[in-house]
Amino acid sequence: MPVMDEFKEERERIKSAPFSEKLKYFWSYYKFHTLGAIAAIILGSVLIHDITSQKDTIFFAAILNSVDMTEQSAEDFKEYFLTFSGLDTEQGSVLIDSTLTIEETPTSELSMAAAQRMMVYTSTGELDAIVGGSDVFGQYA
């Protein structure tokens with residue numbers, strides 16, 4: 001029996017089969033294509049949503065050596081700063097980085113990484129303000 005005849009018989013059998021049988025047939029042959037298409041649609045929709053809903057940064061500050069500042073106190077500081085400055089968060093986002101620690105003798109990896117992050121922030125022009133003690137600021141400079 002030629003191969004084309006087998007294909008025709010299979011097509012005819014599937015056409016007359018119940019819906020559940022058609023679904024099993026489709027899933028057995030196209031499950032990877034279907035899963036790939038679903039994953040691509042989800043990834044594409046998340047990417048489009050992130051791009052369209054992204055706000056520009058209207059203010060970015062770095063606080064050096066704020067080891068006593070917890071996440072809650074950082075949020076309180078940010079809220080206080082927003083009321084003080086009158087910045088509108090509808091126009092863009094306000095970022096305050098309080099995770100930078102620069103030691104007087106920058107030999108630790110944490111201190112060197114913080115100095116490199118500060119260098120990147122200043123060289124790209126993203127940083128609007130630096131808050132820190134004069135000794136720490138002098139060490140960074």
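Asker: Can you help me understand the overall build of the protein in this one?
Answerer: Secondary structure summary: the protein contains 5 helices and 3 strands in total. Moving toward the C terminus, one meets the helices and strands of the protein in the order α-α-β-α-β-α-β-α. In summary, the protein has a C-alpha radius of gyration of 29 Å against a globular reference of 14 Å for 141 residues, an excess of more than 25%. Once the C-alpha set of the protein is aligned to its principal axes, its extents read approximately 90 × 40 × 25 Å. Looking at the protein as shown, the accessible area adds up to about 10800 Å², and 61% of this sits on carbon and sulfur atoms. For the protein, the distance from the average site of its 10 positive side-chain charges to the average site of its 22 negative ones is 26 Å.

Asker: Just checking my understanding: could you explain helix H4 (residues 109-124) for this structure?
Answerer: Working note: α-helix, 3.6 residues per turn, so residues spaced by three or four point in the same direction. Taking 1.5 Å as the rise per residue, H4 with 16 residues should run 22 Å; its terminal C-alpha atoms sit 22 Å apart, in good agreement. Looking at H4, one finds that the buried residues are Ser 111, Ala 114, Met 118 and Tyr 121. When H4 is viewed along its axis, its buried side chains cluster within an angular range of 85° and face the same direction. In H4, the exposed positions that point more than 90 degrees away from the buried face belong to Glu 109, Gln 116 and Ser 123. Directly after H4, the chain includes Gly 125, whose backbone phi takes a positive value near 80°.

Asker: What's the story with the sheet that holds strand E1 (residues 57-64) in this structure? I'm lost.
Answerer: By way of backbone hydrogen bonds, the strands of a sheet pair with one another, either parallel or antiparallel. Strands sit in the order E2-E1-E3 across an open sheet of 3 strands; the sheet is parallel. Both edges of this open sheet fall to strand E2 (93-100) and strand E3 (129-131), since each of them pairs with a single strand only. Strand-to-strand twist in this sheet, taken as the mean axis angle between neighbours without regard to direction, amounts to 20°. Here E1 runs beside E2; their pairing, made up of 6 bridges, is parallel. Among the inter-strand pairings, Leu 64 is bridged to a residue of E2, identified as Leu 100. In the packing of H4 onto the sheet, contacts are made with E1, E2 and E3, and the angle to E2 comes to roughly 155°.

Asker: What should I look at first to understand the environment of Leu 87 in this one?
Answerer: Here Leu 87 is to be found in the loop between helix H3 (71-85) and E2. Those residues in contact with Leu 87 that lie beyond four places of it in its chain are Ile 58, Phe 59, Phe 81, Leu 82 and Val 94.

Asker: Would you explain the pairing of E1 in this entry?
Answerer: Two faces make up the sheet, and in a regular strand the side chains alternate between them. Of all 8 residues that make up E1, 6 are buried, and the element is covered over most of its length. With 3 bridges connecting them, E1 and E3 associate as parallel partners. Residue pairing in the sheet places Ala 62 in a bridge with Ile 130 of E3.

The rules behind these values
- Residues numbered from 1 in each chain as written.
- Predicted model: local features only at pLDDT ≥ 70, side-chain atom pairs only at ≥ 80, totals over all residues.
- Heavy atoms only, no water.
- Helix = DSSP H or I, 4+ residues; strand = E, 2+ residues; numbered from the N terminus.
- Rg over C-alpha atoms; globule rule 2.2 N^0.38 Å.
- Areas by Shrake-Rupley, 256 points an atom, 1.4 Å probe, with all protein chains shown as cover.
- Lys, Arg positive; Asp, Glu negative; His and termini not counted.
- Charge placed at Lys NZ, Arg CZ, Asp CG, Glu CD.
- Expected span 1.5 Å × (residues − 1).
- Buried < 20%, exposed > 50% of the residue type's maximum accessible area, 1.4 Å probe, protein only.
- Arc of directions from axis to C-beta.
- Pairing = 2+ DSSP bridges.
- Axes fitted to C-alpha atoms, helices over the stretch in contact; angles between N-to-C directions.
- Contact = heavy atoms within 4.5 Å.

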